[in-house]
Amino acid sequence: MRAPVRIANCSGFFGDRLSAAREMVEDGPIDVLTGDWLAELTMLILVRQKLKRGNGYAGTFLTQLEEILGTCVDRGIRVVSNAGGLDPGLLGQSVTELGDRLGIAVRVGVVSGDDLMPRMSELVAEGEAFVNLDTGETLSQVGVKPVTANAYLGGESITSALAQGADVVVTGRVTDAALVIGPAAWWHGWDYAAARAGDQAALDALAGALVAGHVIECGAQATGGNYAFFRDVPGLEHPGLPIAEVAGDGSAVITKHGGSGGMVTEGTVTAQLLYEIAGPEYLNPDVSARFDTIRLRQVGHDRVLVSGTTGVAPPERLKVAMNYLGGFRNSLTLVLTGLDPESKADLALRTVTGVSLERSRQLRDDPQSLADESTLDVTELAVGLSLSAVEDPAWPDQAQSLLRITVKDPDADRVGKAFTTRVIEATLSSYPGLFPTTPPGPASPFGVYWPSTVAREHVDVLVTVDGPTEVSP
Amino acid sequence: MSTVRRPLGSFVGARSGDKGGAANVGLWVRSPRESAGVDLAHGNDADLDATESEEELADARYAWLVEVLTVDGVRRLLPETGGLRIDVHPLPNLRAVNVVIHGLLGRGVAETSRVDPQAKGLGEQLRARLVDIPSVLLGEGT
């Protein structure tokens, strides 16, 4: 059995610490560098970026890669990233060009086929209704057209790209944990077909890597970042990012480079295991992991063993993340200084929206009804009052409570000037000391997330490493 | 049994986030080996084997946490959940509880009007709620 593969994470989202890739490559030994650039919201951000700049990938990855590409190729460190976003092919091209510019011969693997947008009408014709997993509605029932639609791919296509010799693999929408499953399965030669046939050892190994991937996918959240007992964590001003040392049986030691800030304890690993899970079974295209079988054990300084994970068959269908443009929103926050903040908020609300503070509290979980009762011509109205002023305030921030008014509507004009003018016109005629935290701004568009599924046979995964090869999703 | 009114976070950790329109919060009782892990991280020596009484205290705290975090319990602690569907999944192997609140974030982070659109602070909000904690559970490390 091969030694454990040391898989380092250098990004938990598009915008995470830029220097992390260099730190993970230079500050200690690793075999694979990976990272996650795609949150649910990121795909929508990339749509806007593509309209503006012509590409829909996470460009910061290229900036990071430029610093480390030479070292990685020299040392044989493979790089696996989902920074491809909406344009994995374009990002692959850019990586090749980067290698050319730096004089580094680099083999680039590209995993694509997750993007269903070009095939939406064909898929609908073939019977895909894209039922919303949360609401049970179909796309046609609601009558909306998505602007992004991406199937979550698993680790198998990444394994294939690595096995074909890719130094750098870029993908579109794969699951965050697939970025660890793929390299672990490649390193140890795990057999996806055996797992599909129900082989328990193969399922358990993949499930172990899935859990390790889940632990490190959010960067410093495994090493003391965003941790409830943060006062116990040393060096949290600049925590090291996590490394999973994945063994041949799928068990893994979570650790980080020596000398870096943060810590790895059973607590920091538990916290991340619990992050954004929906229950004891954690689903992935290659395997599902039973989180009620995981065992944690502190085995050394910043070293936690994750073992015992049982794998079960993955879901029949692949998950799909869609976004559509829902309309426009605007928001203004008014400062209420000093005495009687609730009376001040009530007057401001009745002036600007026509509803009282009390009524806004009664309807605080029903922004549509609140909008209906309002004199504003909008479809949703939400009010938040933060009573943050203290008694006998010596300093301005101790005296300030905040009233936040948010409006939404399909029509940008109704939540633009039509809304902000109401607030501005009240400046000299309402409660004493009225001012907003920011100048009134224009309406901004918002997206709506639509989680769904698609049949595996309806997704054509394409892996290219110096030429195309097809694998099953 | 005597109880003391203290924040839930006295010995319970939490991490929260979003999955579409659902908010989820994971809560856990600190492991009996956690203080050793922290000591090591600070460059000190530590014994990685927990004592029997440390294990028993952690087990007792977890048994109490599961009683507190029923669906109704979560609803009382977070009135914002109103009539929303709440799922509670105990994970005894981690001395943890996974709580999912469906629809708290409307139709997701980009759409919701919630001030904390990804429920990042929801776990810390829960930890700040006062609850009646049996005095015997407030041993060391509180």
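Quantities reported herein were computed from a predicted structural model and do not represent experimental measurements.

Each value, and the rule that gives it
- Residues numbered from 1 in each chain as written.
- Chains lettered and ligands numbered in written order.
- Predicted model: local features only at pLDDT ≥ 70, side-chain atom pairs only at ≥ 80, totals over all residues.
- Heavy atoms only, no water.
- Helix = DSSP H or I, 4+ residues; strand = E, 2+ residues; numbered from the N terminus.
- Rg over C-alpha atoms; globule rule 2.2 N^0.38 Å.
- Contact = heavy atoms within 4.5 Å.
- Lys, Arg positive; Asp, Glu negative; His and termini not counted.
- Charge placed at Lys NZ, Arg CZ, Asp CG, Glu CD.
- Phe/Tyr/Trp six-rings, centres within 6.5 Å; stacked < 30°, edge-to-face > 60°.
- Buried < 20%, exposed > 50% of the residue type's maximum accessible area, 1.4 Å probe, protein only.
- Pairing = 2+ DSSP bridges.
- Domains from an automatic or database assignment.
- Buried area = accessible area lost by both parts, 1.4 Å probe.
- Polar contact = N/O pair within 3.5 Å; in protein donor to acceptor, adjacent residues only side chain to side chain.
- Nonpolar A, V, L, I, M, F, W, Y, C, P; charged D, E, K, R; others polar.
- pLDDT = per-residue confidence, 0-100.
- Salt bridge = Lys/Arg side-chain N within 4 Å of Asp/Glu carboxyl O.
- Axes fitted to C-alpha atoms, helices over the stretch in contact; angles between N-to-C directions.
- Parallel < 35°, antiparallel > 145°, perpendicular 65-115°, else oblique.

> Got a minute to help me understand the overall build of chain A in this structure?
When helices and strands are tallied, chain A shows 16 helices and 20 strands. Relative to a compact globule of 473 residues, whose C-alpha radius of gyration would be 23 Å, chain A shows 25 Å and is just as compact. Overall, the C-alpha framework of chain A stretches about 75 × 55 × 50 Å when taken along its three principal axes. Considering only residue pairs separated by 6 or more positions, chain A has 74% of its internal contacts joining residues 24 or more positions apart. Counting 36 positive and 59 negative side-chain charges, chain A places the centres of these two groups 2 Å from one another.

> When you look at the packing of aromatic side chains in this model, what are you seeing that I'm missing?
Here a ring pair, both rings aromatic, is described through the centre-centre distance and the interplanar angle of the planes. Tallying each qualifying case throughout the model produces 8 aromatic pairs over all chains. On the numbers, 6.0 Å between centres and 15 degrees between planes, the contact of Tyr227(A) with Trp28(B) is stacked. Taken together, the residues span two chains, with Tyr227(A) in the loop between helix H10 (200–216) and strand S7 (243–246) and Trp28(B) in strand S3 (residues 22–29). With respect to burial, Tyr227(A) and Trp28(B) carry one shared label: buried. Ring centres 5.2 Å apart and planes at 35 degrees place the aromatic pair Tyr282(A) and Phe291(A) in the tilted group. Overall, the relative accessible area of 12% leaves Tyr282(A) in the buried class. What makes Phe291(A) buried here is its relative accessible area of 0%. Ring pairing ties together the aromatic residues Tyr227(A), Phe229(A) and Trp28(B), which thus form one cluster.

> Explain the pairing of strand S3 (residues 78–81) of chain A to me, please; I cannot follow it from the model alone.
Within a regular strand, side chains alternate between the sheet's two faces. Residues and elements named next belong to chain A. Here S3 shows a buried face lined by Arg 78 and Val 80 and a second buried face lined by Val 79 and Ser 81. As paired elements, strand S2 (residues 32–35) and S3 share 4 bridges and run parallel to each other. Across the sheet, Leu 33 pairs through a bridge with Val 79, a residue of S3. In terms of strand pairing, S3 meets strand S6 (residues 168–171) through 3 bridges, oriented parallel. When the sheet's bridge partners are listed, Val 80 is paired in S6 with Val 169.

> I tried to follow the domain arrangement of chain A on my own but got confused; where do I start?
Many authors give the size of an interface as the accessible area that is lost as the parts come together. Residue and element names in this part refer to chain A. Domains assigned within chain A are domain 1 (5–114 + 152–315) and domain 2 (322–447). Centre-to-centre separation of domain 1 and domain 2, based on C-alpha positions: 41 Å. In this complex, domain 1 contributes 4 residues to the contact, which on the side of domain 2 involves 5 residues. The largest per-residue losses of area from domain 1 upon contact with domain 2 belong to Glu 40, Leu 44 and Arg 48, which jointly make up 93% of the total buried on that side. Remark: the boundary between domain 1 and domain 2 carries 0 residue pairs in polar contact (both at pLDDT 80 or more). Of the residues that constitute the side of domain 1 that touches domain 2, the class distribution is 2 nonpolar, no polar and 2 charged.

> I'm lost on the confidence of the model for chain B in this one. Help?
Atom-level detail of predicted coordinates should not be read off regions where pLDDT is low. Residues at a pLDDT of 70 or more form 98% of chain B, whose mean pLDDT is 92. Of the two predicted TM-score estimates for the complex, the pTM is 0.93 and the ipTM is 0.95.

> How should the pattern of salt bridges be read in this particular structure?
Working definition: two side chains of opposite charge can pair if their charged atoms are close together. Residues and elements named next belong to chain A. One pass over the structure, following the stated rule, counts 34 salt bridges over all chains. Residue Glu 128 is joined to Arg 317 by a salt bridge in which the shortest nitrogen-to-oxygen separation is 2.7 Å. Of the two residues, Glu 128 sits in the loop between helix H5 (120–125) and helix H6 (139–142) while Arg 317 sits in strand S14 (residues 317–337), which places them 189 residues apart along the sequence. Residue classification places Glu 128 among the buried residues on the basis of a relative accessible area of 4%. Overall, Arg 317 belongs to the partly exposed group, its relative accessible area being 37%. In this structure, the salt-bridge partner of Arg 303 is Glu 245, at a minimum N-O distance of 2.8 Å.

> Whenever I open this one, the environment of Ser452(A) confuses me. Can you help?
Residue and element names in this part refer to chain A. The topology assignment puts Ser 452 in strand S18 (residues 444–455). Remark: the alpha-carbon pair of Ser 452 and Asp 134, spanning 318 residues in sequence, is separated by 8.5 Å. Discounting chain neighbours no more than four positions away, the residues touching Ser 452 are Phe 130, Val 131, Leu 133, Leu 318, Lys 319 and Val 320. Engagement of the side chain of Ser 452 in a polar contact is seen with the backbone oxygen of Val 131, the distance being 3.0 Å.

> Whenever I open this one, the environment of Val68(B) confuses me. Can you help?
Residue and element names in this part refer to chain B. Looking at the secondary structure, you find Val 68 in helix H2 (residues 52–68). Residue class for Val 68 comes out buried when judged on its relative accessible area of 19%. A sequence separation of 60 residues divides Val 68 from Leu 8, and the C-alpha atoms of the two residues are 9.6 Å apart.

> Just checking my understanding: could you explain the packing of H10(A) against helix H11 (residues 266–273) of chain A for this structure?
When two helices pack together, their arrangement is given by the angle between the helix axes and by the axis-to-axis distance. Residues and elements named next belong to chain A. Remark: H10 packs on H11, axes separated minimally by 8 Å, with the N-to-C direction vectors making an angle of 100 degrees. If you check the angle between H10 and H11, you find them roughly perpendicular. Taking contact as the criterion, the partners of Val 211, His 214 and Val 215 in H10 are, on H11, Val 269, Gln 272 and Leu 273. Here the contact of H10 with H11 is composed, by residue class, of 4 nonpolar, 2 polar and no charged.

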